[in-house]
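# Coordinate analysis (summary)
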Amino acid sequence: MTMRLTYNKHEKLKSQKAIEKLFVAGKSVSAYPLRLVYLKNDDALKVGVSVSKRNFKLAVHRIRIKRLLREGYRLNKTMLIDYNIESYTLMILYIGKEMPDFVTIDKKMKALLTKFNDQISKQDHK
């Protein structure tokens, strides 16, 4: 059975309440220039991406980076599914100051999701 690498509407983090709760009570892991803020929830896996307006004044640059982040997540989300990570709220933040390319984003996304998996498995074993 092959899994489709999609990033559907039901996976997207849209709820303002959930986002606020995530930043108040969530934990984070980093793989510069990416940072992942996460929080366990009762629902399905929800993922959002964000780029700081402070670092990237032009909307076209922020949108480009968000597209790269979503694509990096979409191609590497099997790492989460392999570890049975299903009920989490995740926000992927780009914290760098220079315009990235896809190869960098892809490599760092893999490192970030690996760190996240390690962190979650440590918490589960406690």
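Before reading further, recall that the structure is shown in the block above.
Residues numbered from 1 in each chain as written. Predicted model: local features only at pLDDT ≥ 70, side-chain atom pairs only at ≥ 80, totals over all residues. Heavy atoms only, no water.

### What about the overall build of the protein?
Scanning the protein for helices and strands turns up four helices and four strands. When the helices and strands of the protein are listed from N to C terminus, the series reads α-β-β-β-α-α-β-α. Compactness check: the protein gives a C-alpha radius of gyration of 14 Å against a globular reference of 14 Å for 126 residues, within 12% of the reference. Projected onto its principal axes, the C-alpha coordinates of the protein cover approximately 40 × 35 × 25 Å. (Helix = DSSP H or I, 4+ residues; strand = E, 2+ residues; numbered from the N terminus. Rg over C-alpha atoms; globule rule 2.2 N^0.38 Å.)

### Some remarks on the pattern of salt bridges
With the rule as written, the count across this model stands at three salt bridges. Glu71 is paired through a salt bridge with Arg74; the nearest N and O atoms lie 2.8 Å apart. Of this pair, Glu71 and Arg74 both sit in helix H2 (residues 59-76), separated by three residues, roughly a single helical turn. A residue is classified by how much of its surface remains accessible, and Glu71, at 29% relative accessible area, is partly exposed. (Salt bridge = Lys/Arg side-chain N within 4 Å of Asp/Glu carboxyl O. Buried < 20%, exposed > 50% of the residue type's maximum accessible area, 1.4 Å probe, protein only.)

### Some thoughts on a positive patch on the surface
The grouping of Lys9, Lys14, Arg64, Arg67 and Arg70 at the surface amounts to a positive patch. Residue position: Lys9 is located in the segment before helix H1 (16-25). Using a relative accessible area of 71% as the deciding quantity, one classes Lys9 as exposed. (Patch = residues over 30% accessible without salt bridge, like charges linked within 9 Å, V, L, I, M, F, W, Y side chains within 5 Å. Areas by Shrake-Rupley, 256 points an atom, 1.4 Å probe, with all protein chains shown as cover. Lys, Arg positive; Asp, Glu negative; His and termini not counted. Charge placed at Lys NZ, Arg CZ, Asp CG, Glu CD.)

### Quick word on the sheet that holds strand E2 (residues 34-40)
Read across the sheet, four strands follow the order E1-E2-E4-E3 without closing on themselves; strand pairing throughout is mixed. Strands with a single pairing partner mark the edges of an open sheet, and in this sheet they are strand E1 (27-31) and strand E3 (46-51). Across the sheet, the mean angle from the axis of one strand to that of its neighbour is 20°, orientation sign disregarded. Across five bridges, E1 lies against E2 in antiparallel orientation. Bridging from a neighbouring strand, Val29 pairs with Leu36 of E2. Packing against the sheet, H2 makes contact with E2, E3 and strand E4 (88-94), and its axis sits at approximately 150° to E3. (Pairing = 2+ DSSP bridges. Axes fitted to C-alpha atoms, helices over the stretch in contact; angles between N-to-C directions. Contact = heavy atoms within 4.5 Å.)

### Digging into unusual backbone geometry
The peptide bond linking Tyr32 to Pro33 adopts the cis configuration, its omega dihedral lying at 10°. Tracing the backbone shows Pro33 in the loop between E1 and E2.

### Comments concerning the pairing of E3
For E3, the buried fraction is high: five of the six residues fall into the buried class. Of the pairings in the sheet, the one linking E3 to E4 comprises six bridges and is parallel in character. Its bridge partner being in E4, Ser50 is matched across the sheet by Leu93.

All quantities given are derived from atomic positions and should not be read as evidence of function.
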